[in-house]
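# Architecture and fold: a report
Below are the chains, spelled out letter by letter.
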Amino acid sequence: MARQRLGQHFLCDAGWREEIARSIGISSHRPELFTTSAHNDCWIEIGAGHGEMTQFLAATGAPVYAVELDLPLIAGLQKLTAKFPNLTIIPGDVLQTDLVAIAAGRRIRLYGNLPYYITSPILHRFFEVAALIDEIHILIQLEVALRLVATPATRDYGYLSVLTQYFTKPLIALKVPPGAFRPPPEVESALVSLKLPGENVRLKSHDDAGLMSFVKKCFAQKRKTLVNNLRDLAAPAVVKKILAELGIPAAARAEELPVAQLAALFNKLS
């Protein structure tokens, strides 16, 4: 039984489970995608549920660490460890889980069927250890997925777009209908694949946290110009001067600037 307070929607459709497995390279029906690098990397699954995708992950032979918060589900997941000795069940909240300790020196691959209401905090948690992660695959609300991949000057482009594209290269791999889940959500879902690294490698920022805090301020009120949103950081005349140096119009809004320009503005103001 799904717990509403945890935002649970279990991926019960076998056909869609196979589609997702093929998309992220863990399907035994696609030998050319099948991953068996059991020594150099590991899979960490967030929100393992009943093990709907856990078995696909474990069948690769790589170490798999399945994180699950809901205690009633953990007993069922533990039974899978008899079949897959490379599988470890970790009770707990991903926001409190030490991903670095779990990986124990291995490279990290992440998969998760994420509760819609907590997608952003979980992504922030992942990006704290971005240097150790090769790829992230998340099943999330389509509306949020569109924000992750949005481009400047579009309706969906905002702070979450910049955050995601700074650390990763995001792609909507699949759109998944409500009927694939039990209980079915009221919205469409999407599998988003995030390959790391993203723009951060090219931009070589020395203060990722400071940059993201700055970007959040830039988008604080989307209808306002950058000059107005940044008033508590610098005088309007100073901001306008720096914008001119970067070739950006004085009346520009944050939603018009790509990641690289926002990073350049941050560096100048710093």
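Description of the structure in this document.

## Focus on the nonpolar core
Of all hydrophobic cores here, the largest spans 62 residues; its most connected members are I44, F126, I136, I138, F219 and L226. Ranked by residue count, the leading element in this core is helix α7 (residues 159–167), at 6 residues. Residue contacts for F126: discarding those within four places in its chain leaves I46, V94, L99, L110, I133, I136 and I138. Listed in part, the 26 residues of the second largest apolar core include W43, A58, L87 and L139.

## Structural notes on the pairing of strand β2 (residues 41–46)
Within a regular strand, side chains alternate between the sheet's two faces. When you tally the buried positions in β2, you get 6 out of 6 residues, the bulk of the element. Neither face of β2 is exposed, since D41, W43 and E45 on one face and C42, I44 and I46 on the opposite face are all buried. Sheet analysis places β2 next to strand β5 (residues 107–113), joined by 6 bridges and oriented parallel. Among the inter-strand pairings, W43 is bridged to a residue of β5, identified as R109. Across 4 bridges, the pairing between β2 and strand β3 (residues 64–68) is parallel. From the neighbouring strand, I44 faces β3, where its bridge partner is Y65.

## Concerning the sheet that holds strand β9 (residues 189–195)
Strand order in the open sheet formed by 7 strands is β4-β3-β2-β5-β6-β9-β7, and the pairing between neighbours is mixed. The open sheet is flanked by β4 (87–91) and β7 (169–176), the only strands paired with a single partner. Put simply, the sheet's adjacent strands are angled 20° from each other on average, direction ignored. Bridging between β7 and β9 involves 7 bridges; their strand directions are antiparallel. In the strand pairing of β9, I172 is matched with V192. Sitting on the sheet, helix α6 (residues 142–149) touches β6 (133–141), β7 and β9, and the angle it makes with β6 is about 140°.

## Here's the deal with the pairing of β3
Counting buried residues in β3 gives 5 out of 5 residues, a clear majority hidden from the surface. The two faces of β3 match: V64, A66 and E68 on one face and Y65 and V67 on the other face are all buried. In this sheet, β4 lies alongside β3 in parallel orientation, the contact comprising 5 bridges. Its bridge partner being in β4, V67 is matched across the sheet by I90.

## What about helix α5 (residues 119–127)?
What sets the pattern is the α-helix's 3.6 residues per turn: residues three or four places apart point alike. Regarding α5, the residues found buried are T119, I122, L123, F126 and F127. Taken end-on, α5 shows its buried residues confined to a sector of 135°, consistent with a single buried face.

## Regarding the packing of aromatic side chains
Pairs of aromatic rings are described using the distance from one ring centre to the other and the angle between the two planes. Across all of its chains, the model carries 4 aromatic pairs by this definition. Considering the side-chain rings of F127 and F167, the 5.0 Å spacing of their centres and the 20° angle between planes classify their relative orientation as stacked. In this pair, F127 sits in helix α5 while F167 sits in helix α7, placing the two residues 40 residues apart along the sequence. F167 gets classed as buried once you look at its relative accessible area, which sits at 7%. Taken together, a centroid distance of 5.4 Å and an interplanar angle of 45° make the contact between F214 and F266 tilted. Pair noted here: F214 is in helix α9 (residues 208–218) and F266 is in helix α12 (residues 259–269), with a separation of 52 residues, a long-range link. Like F214, the residue F266 is buried in the burial classification. Joined through ring pairs, the aromatic side chains of F127, Y166 and F167 make up one cluster.

What counts and how
Residues numbered from 1 in each chain as written. Predicted model: local features only at pLDDT ≥ 70, side-chain atom pairs only at ≥ 80, totals over all residues. Heavy atoms only, no water. Core = buried A, V, L, I, M, F, W, Y, C linked by side-chain atoms within 4.5 Å. Buried < 20%, exposed > 50% of the residue type's maximum accessible area, 1.4 Å probe, protein only. Helix = DSSP H or I, 4+ residues; strand = E, 2+ residues; numbered from the N terminus. Contact = heavy atoms within 4.5 Å. Pairing = 2+ DSSP bridges. Axes fitted to C-alpha atoms, helices over the stretch in contact; angles between N-to-C directions. Arc of directions from axis to C-beta. Phe/Tyr/Trp six-rings, centres within 6.5 Å; stacked < 30°, edge-to-face > 60°.

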